[in-house]
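Below are the chains, spelled out letter by letter.
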Amino acid sequence: MEENSAEEHHFYYPLPASALKVDPNLSDGDKGGTCAEENNLHNKPSTSQGNSGINKYALGGAILASTNSILLGYDIGVMSGAALFIRQDLKITSVQVEILVGCLNVCSLIGSLASGKTSDWIGRRYTIMIAAATFLIGAILMGLAPSFLFLMAGRVVAGIGVGYSLMISPVYVAELSPALTRGLLTSLPEVFISVGILLGYVSNYVFSSLPNDINWRIMLGVAVFPAFAVALGVLAMPESPRWLVVKGRYEEAKQVLIRTSENKGEAELRLAEIQEAASASIRNKDKGCSSSNSPNNSGTWHGQGVWKELLVTPTRPVFRILVAAIGVNFFMQASGNDAVIYYSPEVFKEAGIVNEKQLLGVTIIMGITKTCFVLISAMFMDRFGRRPMLMLGSCGMAMSLFLLGFGCTFLKVYGDTHDGLVIALCVVAVCATVSFFSIGLGPTTWVYSSEIFPLRLRAQGSSLAISVNRVVSGIVSMTFLSVSEAITFGGMFFVLGGVMVCATFFFYYFLPETKGKNLEEIEALFEDQTRLV
C-alpha cells in the first residue's frame, strides 16, 4: 500500500537513449535490466565487485576527498598543546581558552549549514575546494595572530572551512563508492581526522621547546601546507556521479561509474538505478509548481524546497531518517571525545602527570592508539555492519569513561596513595575511551549520515545533521573545563559514561543496518512503521 502511494506522487523521466545504451559486446549477464534486477545484482554475494575487492579508482577519489578531514584533526590535536602556550603568552583565562577552543566548532555550524546548498549548486568536488581554501586562510590568520582577538578571527574562518569539510567529504565518498565497500571508503574521513590529530600531537612535541611567543604560532600556521595540498588534490578528483545525474549530465556520470565499476554492464545498471531514484526524488509534490523547478529541468535544480521537505512536511521515512542522522551526530559529540582530546593535557594533569614534555608525549601515544583503532574499524565496517560497530564502541566508551571517572575521583580523594598504579589506570582508560570511539561513533557517524538520506535530500539533510554535531561539539568544548571544575573531572567522566549508556539504547532501537545496500535502497529500511531493527 505504501509503495503504491509513493508511486502516485513520483514522476519518472527516462534517460536519453545514448546514456543507457548497452554495449553489444557484453554478455547477457552484463546487460542492463530492471531496477529489481539491479537490486538482485547488488544483493548477490557472488558479484564481481564483491570478489575483486576495492575499486582502485573509487579508492583514489575517496582518499583525495578524505584528506580534507586532516584539517579538522590537525586543529583538534594541535590546539590541545598550543592552548598551553597561548595561555602563557597571551595571559588569557580558562574561560577564554574554552572560548578559543570551542569557537571553531560553533563557527563550523555556518559551514555545515551552507555546504548542503553549495554542493547542490556547484557540485561536491568544488565544495571540497572551498573547504580547503577557507581553512587555509584561517590557518594563516592564526599563525600570524598578534593578539587574542586576531587569533579568534582566524579560528572563526577556519571553523567555517571545517564545517564545509565535515559535511561534504563523507557525502562525496558515499556517492562515489560501490555499495560493498562504501563502509570502508566512507570511514576514510575519520581515518584522516585521526591522522591529523596525531600530526597535531607530533607538532606540539616538536615545537614545544621553542619560545612561547613563537611555538604556538608555528604549530597553528603549518596547517596551511595540508590545506594547500588538499585544494590542489581536488583537481584530480572526479565529480560525484549522483550529482551529475541530478544535473542531467548522464554521459559524464556514466564515465565515472564505468571507472568505479567492474565492467560497463554493471556501470549501466548502476546508472539506471541512480537515474530512477533521482527522478523519483527530485519531483513536484504540487502539480502547480513552476516548470523551472521540475525534474524535467534537472540541470536547473539547485536544492530548492529541500528544507521544507525535511523540517515542515517530512514523510514518515524522512522523519525517521532525520531522527537517526541527528541522533547519531548528537551522541558522537555528547560523548565528550573531542573535549577529551582538546583538553587531553588537562585530563592527564588531573590524572597525575605534570611535566609538559611528558604530557605531550602521552598525547602522542593516545593519537597512535586512536589512529590504529580507526583503521581497524574501517577495515571491518563492511564485514560486520554499522550497528555492531556502534554498539561495541558505545558500550566500550561507557565502561572506559566510568573507569576514568573512578580513577580521577580516587586520586582526588586519596591524594598520593598508590599514585603510580592509578595514574597508569587513568592513562589506559583515556586511551581506551578514544579507541572505542574510533571503533564505533568516530567512523560510523560519517558513514551513516552520508548514506541514509535520499539523493534529493542527501546534501542538505547531511548538513543539518552535521550542524547538530558542530553545535553539540562547541557546547561541550566550551563548557568542559568549567563543568569539570564544578563537579570534578571524575564527576564529568561519570556523566559522559551515562550519556554513552543512553546512546547504546538509541542505536539499538532507532538505527537499522545499511551494510551492503545501495544508496537507492536505503530509504526503504525506514518505511517499516513497527520497528527498525
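- Under an unreviewed UniProt entry, the name given to the protein chain is Major facilitator superfamily (MFS) profile domain-containing protein, and the organism recorded is Vigna mungo.
- Quoted verbatim from the Sequence similarities (unreviewed entry) field of the UniProt record, the comment on the protein chain reads "Belongs to the major facilitator superfamily. Sugar transporter (TC 2.A.1.1) family."
- As stated in UniProt under Subcellular location (unreviewed entry), the record for the protein chain gives "Membrane".

## Thoughts on the overall build of the protein chain
- When helices and strands are tallied, the protein chain shows 25 helices and 0 strands.
- Here the protein chain holds 533 residues, and 58% of them are scored as buried.
- Long-range contacts, defined here as pairs at least 24 residues apart, represent 84% of the contacts in the protein chain between residues at least 6 apart.
- In the structure as shown, the protein chain presents an accessible area of about 20,000 Å², 66% of it carried by carbon and sulfur atoms.

## With respect to the packing of aromatic side chains
- Overall, the coordinates contain 12 aromatic pairs when judged by the stated rule.
- Taken together, a centroid distance of 6.1 Å and an interplanar angle of 40° make the contact between Phe406 and Phe410 tilted. Residue Phe406 and its partner Phe410 are located together in helix H21 (residues 386-414), separated by 4 residues, close to a single helical turn.
- One aromatic cluster is present, formed by Phe330, Phe331, Phe506, Phe507 and Phe510 through successive ring pairs.
- Here the basic side chain of Arg125 rests over the ring of Tyr126, its NZ or CZ set 5.0 Å away from the ring centre.

## Quick word on the packing of helix H8 (residues 148-176) against helix H24 (residues 455-510)
- As a packed pair, H8 and H24 sit with axes 10 Å apart at the nearest point and diverge in direction by 140°. One element, H8, and the other, H24, form an angle in the oblique class. Like other packed secondary-structure pairs, H8 and H24 cross with a definite hand, here right-handed. Facing H8, whose interface residues are Val162, Leu166, Met167, Val171 and Glu175, H24 presents Leu455, Arg458, Ala459, Ser462, Ser463, Ile466 and Arg470.
- Classifying every residue of the contact of H8 with H24 by side-chain character gives 7 nonpolar, 2 polar and 3 charged.

## Quick word on unusual backbone geometry
- One non-glycine residue, Lys91, adopts positive backbone phi at about 55°.
- Inspection of the secondary structure puts Lys91 in the loop between helix H5 (70-90) and helix H6 (94-122).
- According to the relative accessible area criterion, Lys91 is exposed, its value standing at 66%.
- Within the chain, Thr488 stands out as a residue other than glycine whose phi angle is a positive 75°.
- Within the secondary structure layout, Thr488 lies in helix H24.

## Some words on the nonpolar core
- Counting 139 residues, the largest nonpolar core has Met79, Ile86, Leu220, Ile452, Phe480, Phe493 and Phe507 as its most contacted members.
- When residues of this core are assigned to their parent elements, the largest contribution, 18 residues, is made by H24.

## Some details on a nonpolar patch on the surface
- There is a patch of nonpolar side chains on the surface, built from Phe402, Leu403, Phe406, Phe494, Val501, Phe505, Tyr508, Tyr509 and Phe510 and spanning about 850 Å² of accessible area.
- Within the residue set of the nonpolar patch, elements represented by two or more residues are H21 and H24.
- No other element matches the 6 residues that H24 contributes to the nonpolar patch.
- Examined against the element boundaries, Phe510 turns out to sit in helix H24.

## A look at helix H12 (residues 224-233)
- For H12, the full list of buried residues reads Val224, Ala227, Val230, Ala231 and Gly233.
- Looking at the buried positions of H12, the neighbouring elements they touch are helix H4 (56-66), H5, helix H7 (124-143) and helix H11 (212-221).

## Focus on the confidence of the model for the protein chain
- For the protein chain, the average pLDDT comes to 79, and 83% of its residues sit at 70 or higher.
- Scored below 50 in pLDDT, residues 1-52 makes 86 contacts in the model with residues more than four places away or belonging to other chains.

## Here's the deal with the pattern of salt bridges
- Counting across every chain of the model gives 13 salt bridges.
- We note a salt bridge from Arg124 to Asp120, for which the minimum N-O separation is 3.0 Å.
- Relative accessible area serves as the criterion here: at 3%, Asp120 is assigned to the buried category.
- Its salt-bridge partner being Glu175, residue Arg458 comes within 3.1 Å of it at the nearest N-O pair. Residue Arg458 is located in helix H24, and its partner Glu175 is located in helix H8; the two are separated by 283 residues in the primary sequence. Summarising the burial analysis for this pair, Arg458 and Glu175 share the class buried.
- One network of salt bridges, in which partners are shared, links Asp120, Arg124, Glu175 and Arg458.

## Let's talk about the environment of Ala174
- Looking at where Ala174 falls in the secondary structure, it is placed in helix H8.
- Ala174 sits in the buried class, given a relative accessible area of 0%.
- Measuring from C-alpha to C-alpha, the distance between Ala174 and Ala62 comes to 8.6 Å, with 112 residues separating the pair along the chain.
- Contacts of Ala174, omitting those with residues within four sequence positions, involve Arg182, Thr186, Arg242, Ser450 and Leu519.

## Some details on H8
- Here H8 spans 42 Å end to end across 29 residues, near enough to the 42 Å set by a 1.5 Å rise per residue.
- The buried count for H8 comes to 23 of 29 residues, which makes it a mostly enclosed element.

## Some words on the environment of Thr134
- Secondary-structure assignment places Thr134 in helix H7.
- In this structure Thr134 comes out as buried when scored by relative accessible area, which is 16%.
- Residues Thr134 and Ala231 lie 97 residues apart in sequence; the distance between their C-alpha atoms is 9.9 Å.
- With residues near it in sequence (within four places) discarded, Thr134 still touches Val157, Ile160 and Gly161.

## Some thoughts on the side chain of Ser177
- If you trace the backbone, Ser177 turns up in the loop between H8 and helix H9 (182-186).
- A distance of 2.5 Å separates the side chain of Ser177 from the backbone oxygen of Val173, its partner in a polar contact.
- The contact partners of Ser177, leaving out residues within four places of it in the chain, are Arg182, Leu185 and Arg270.

Procedures and definitions
- Residues numbered from 1 in each chain as written.
- Predicted model: local features only at pLDDT ≥ 70, side-chain atom pairs only at ≥ 80, totals over all residues.
- Heavy atoms only, no water.
- UniProt positions renumbered as here; feature names shortened; annotations may be inferred.
- Helix = DSSP H or I, 4+ residues; strand = E, 2+ residues; numbered from the N terminus.
- Buried < 20%, exposed > 50% of the residue type's maximum accessible area, 1.4 Å probe, protein only.
- Contact = heavy atoms within 4.5 Å.
- Areas by Shrake-Rupley, 256 points an atom, 1.4 Å probe, with all protein chains shown as cover.
- Phe/Tyr/Trp six-rings, centres within 6.5 Å; stacked < 30°, edge-to-face > 60°.
- Lys NZ or Arg CZ within 6 Å of the ring centre and 35° of its normal.
- Axes fitted to C-alpha atoms, helices over the stretch in contact; angles between N-to-C directions.
- Parallel < 35°, antiparallel > 145°, perpendicular 65-115°, else oblique.
- Left-handed = near helix turned anticlockwise from the far one by under 90°.
- Nonpolar A, V, L, I, M, F, W, Y, C, P; charged D, E, K, R; others polar.
- Core = buried A, V, L, I, M, F, W, Y, C linked by side-chain atoms within 4.5 Å.
- Patch = residues over 30% accessible without salt bridge, like charges linked within 9 Å, V, L, I, M, F, W, Y side chains within 5 Å.
- Salt bridge = Lys/Arg side-chain N within 4 Å of Asp/Glu carboxyl O.
- pLDDT = per-residue confidence, 0-100.
- Expected span 1.5 Å × (residues − 1).
- Polar contact = N/O pair within 3.5 Å; in protein donor to acceptor, adjacent residues only side chain to side chain.

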